[in-house]
Every structure is written in structure tokens, then in C-alpha cells.
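# Breakdown of the fold
Listed below are the residues making up each chain.
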Amino acid sequence: QVQLVESGGGLVQPGGSLRLSCEVSGSISDIAVMAWYRQPPGKERERVAFIGRGGSTNYAPSVKGRFTISRDNAKNTVELQMSSLRPEDTAVYYCNGLPPLPSVPWGQGTEVTVSS
């Protein structure tokens, strides 16, 4: 069964950067679109960015210009480079397909806290 494992979160000051990584225990070459999602405290999960198999990308307006999504089909990884972080970026970050992969549990996510 495919598993999703996110890592790279932590505590960072406003204006700082973090790089999140998602390891997929299976081939992502067969997954047309991979995405990063986040769930801020007390709020619903939202999509942050997605990337197609060929590398085309799309970003939520709130992160456009600050976040960069990438994928390595050979290594079965998806990464999210985050810069100019703001307190409102505080959330648990998850990766999954878009739409979310059927019958695949969401990973535990990786927590990002932006605070001084």
C-alpha cells in the first residue's frame, strides 16, 4: 500500500525559510498530480500547491511567489520550498495526490510554526 511520509517542519521566525519533503512508498510517476496541503490550527485543510507529472505548477494566491513545489519521479519525492514565511503559514503540512489518492491514508504531516 502506498504510504506518504512528510518531514522537514519546525519552528521558524517570520521571514525565514523551510524545505518540506514528502516520501512516497511507491512510484509517483503514475500519479498525474501531486500536491501539498496544510491545515492551520482550528481550520479546514486547504491546498497550497500542486505539480503535474511534467512539472507544471500551481499555487494558492496566499503562497504564490514565496513557495516552490517540485517533484522527483525517480526518487518518489515531492518537496515544498517555503520562504518569506509568515505567522499565517503556521499549520500542519501534508502531501497527497490531487485529488487525494483513493484508499491511501493521509500521512501524519509535518508541523510548521512561524513565530518570533
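Structural data are supplied above this passage.
First, a word on scope: everything that follows refers to the structure included in this document. (Residues numbered from 1 in each chain as written. Predicted model: local features only at pLDDT ≥ 70, side-chain atom pairs only at ≥ 80, totals over all residues. Heavy atoms only, no water.)

## Here's the deal with the side chain of Thr110
Examined against the element boundaries, Thr110 turns out to sit in strand β10 (residues 110-114). From its side chain, Thr110 meets the backbone nitrogen of Gly9 in a polar contact 2.8 Å long. Those residues within four positions of Thr110 in sequence are excluded, and the remaining contacts are Glu6, Ser7, Gly8, Gly9, Leu20, Ala91, Val92 and Tyr93. (Helix = DSSP H or I, 4+ residues; strand = E, 2+ residues; numbered from the N terminus. Polar contact = N/O pair within 3.5 Å; in protein donor to acceptor, adjacent residues only side chain to side chain. Contact = heavy atoms within 4.5 Å.)

## Things to note about the pairing of strand β7 (residues 67-72)
On β7, burial follows the alternation: Phe67, Ile69 and Arg71 on one face are buried, whereas Thr68, Ser70 and Asp72 on the facing-out side are not. When β7 meets strand β8 (residues 77-82), the two strands line up antiparallel, connected through 6 bridges. Paired with Phe67 across the bridge in β8 is Met82. Connecting β7 to the next strand, β8, in antiparallel fashion are 4 residues, including Asn76 with a positive phi near 55 degrees. (Buried < 20%, exposed > 50% of the residue type's maximum accessible area, 1.4 Å probe, protein only. Pairing = 2+ DSSP bridges.)

## Here we look at the state of the cysteines
In the structure shown here, the tally under the stated rule is 1 disulfide. Covalent S-S linkage joins Cys22 and Cys95, the inter-sulfur distance amounting to 1.8 Å. Sign of the S-S torsion, about 40 degrees for the bond between Cys22 and Cys95, identifies this disulfide as right-handed. Within this pair, whereas Cys22 is found in strand β3 (residues 18-24), its partner Cys95 is found in strand β9 (residues 91-97), the two being separated by 73 residues in sequence. Assessed through its relative accessible area of 0%, Cys22 is described here as buried. Classification of Cys95 as buried rests on a relative accessible area of 0%. (Disulfide = S-S within 2.5 Å.)

## Some details on the environment of Ser25
Among the secondary structure elements, Ser25 is positioned in the loop between β3 and β4 (33-39). With 24 residues separating them along the chain, Ser25 and Gln1 place their C-alpha atoms 7.9 Å apart. Those residues in contact with Ser25 that lie beyond four places of it in its chain are Gln1, Val2 and Gln3. In terms of polar contacts, Ser25 uses its side chain to reach the backbone amide nitrogen of Gln3, at 2.7 Å.

## Concerning the packing of aromatic side chains
Applying the stated criterion across every chain yields a total of 2 aromatic pairs. Ring centres of Tyr94 and Trp106 lie 5.9 Å apart, and the angle between their planes is 85 degrees; on these two criteria the pair is classed as edge-to-face. One end of the pair, Tyr94, is in strand β9; the other, Trp106, is in the loop between β9 and β10, and 12 residues separate them in sequence. On the basis of relative accessibility, which here comes to 11%, the residue Tyr94 falls in the buried class. Its relative accessible area of 31% is what places Trp106 among the partly exposed residues. Here the aromatic residues Tyr37, Tyr94 and Trp106 are joined through ring pairs into a cluster of three or more. Lying over the aromatic face of Tyr94, Arg45 brings its terminal NZ or CZ to 4.4 Å of the ring centre. Just above the ring of Trp106 sits the side chain of Arg45; from NZ or CZ to the centre is 3.8 Å. (Phe/Tyr/Trp six-rings, centres within 6.5 Å; stacked < 30°, edge-to-face > 60°. Lys NZ or Arg CZ within 6 Å of the ring centre and 35° of its normal.)

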